[in-house]
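What the coordinates show
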Amino acid sequence: MNYHVFQVVNGAAGRSDLVDDFFEWSAVWLIYVLAATAAIPVLAHLRRGWAGLLRVVASLGLAFAVGQAVAALSTEVRPFQTHPVHQLIPHAAGASLPSDHATAAFAVAFAVGAFLSRRWGVALSLIATIIGFARVWTGVHYPGDILVGALIAAAAVATIDIAGRVYNRRTGRHRPDPTA
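About the cut-offs
Residues numbered from 1 in each chain as written. Predicted model: local features only at pLDDT ≥ 70, side-chain atom pairs only at ≥ 80, totals over all residues. Heavy atoms only, no water. Phe/Tyr/Trp six-rings, centres within 6.5 Å; stacked < 30°, edge-to-face > 60°. Helix = DSSP H or I, 4+ residues; strand = E, 2+ residues; numbered from the N terminus. Buried < 20%, exposed > 50% of the residue type's maximum accessible area, 1.4 Å probe, protein only. Contact = heavy atoms within 4.5 Å. Polar contact = N/O pair within 3.5 Å; in protein donor to acceptor, adjacent residues only side chain to side chain. Core = buried A, V, L, I, M, F, W, Y, C linked by side-chain atoms within 4.5 Å.

Re the packing of aromatic side chains
- Overall, the coordinates contain 8 aromatic pairs when judged by the stated rule.
- On the numbers, 6.2 Å between centres and 20 degrees between planes, the contact of Tyr3 with Phe6 is stacked. With a gap of 3 residues between them, Tyr3 and Phe6 both fall in helix H1 (residues 2-11), about one helical turn apart.
- By relative accessible area, Phe6 is classed as buried at 1%.
- Linked through ring pairs, Phe22, Phe23, Phe133 and Trp137 together constitute an aromatic cluster.

So, the environment of Arg78
- By secondary structure assignment, the location of Arg78 is in the loop between helix H3 (51-73) and helix H4 (79-82).
- With 63 residues separating them along the chain, Arg78 and His141 place their C-alpha atoms 5.9 Å apart.
- Excluding residues within four positions of it along the chain, Arg78 makes contact with His91, Ala92, Gly94, Ala95, Ser96, Val140, His141 and Tyr142.
- In this structure the side chain of Arg78 is engaged in a polar contact, spanning 3.3 Å, whose partner is the side chain of His91.
- Only 2.8 Å separates the side chain of Arg78 from the backbone oxygen of Val140, close enough to count as a polar contact.

Some remarks on the nonpolar core
- Counting residues in each nonpolar core, the largest one holds 40 residues, and the members touching the most others are Leu34, Phe106, Val112, Leu124 and Ile131.
- Looking at this core, the elements that each hand over two or more residues are H1, helix H2 (17-45), H3, helix H5 (100-115), helix H6 (118-137) and helix H7 (143-171).
- Those residues within four positions of Leu34 in sequence are excluded, and the remaining contacts are Ala105, Val108, Leu124, Ile127, Ala128 and Ile131.

The quantities given are spatial measurements derived from coordinates; they are silent on function.
Structure below.
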């Protein structure tokens, strides 16, 4: 199933230079746009204190650590190492599962949505989805690599959220829900 979906997405690559250029750019550079965009709600919420920013950073750090552990245990190599693909961007051989780009992008998106602003979280999640799709389109990841990255990100954000709630209960502090 994972390879079949990969074939459908990556099989469409190479037919249109304009579309390929967009996804090549998105696979490499859109993560920087996501980071810059995430700075908007971060800066807007700093006046309320550092707690939201710290939770976003903790979520990203936890997601990255878990992603590295999963990659160390994974035997899945990149699609271009075992299959004929339309590889549109250069990439070193190695572990494919999970996608670091997807893990980071979804961790930032989900954390901003959970701790700072739901509206910005939705917008960033759309950008993260484009990044993930682009990594498959360009032939450097399977769809499952993107999905696992998103799941790791969601689990990291949930873990930081639960830890923050436990901490707040124990200290008597209250964290308001993110606003639009």
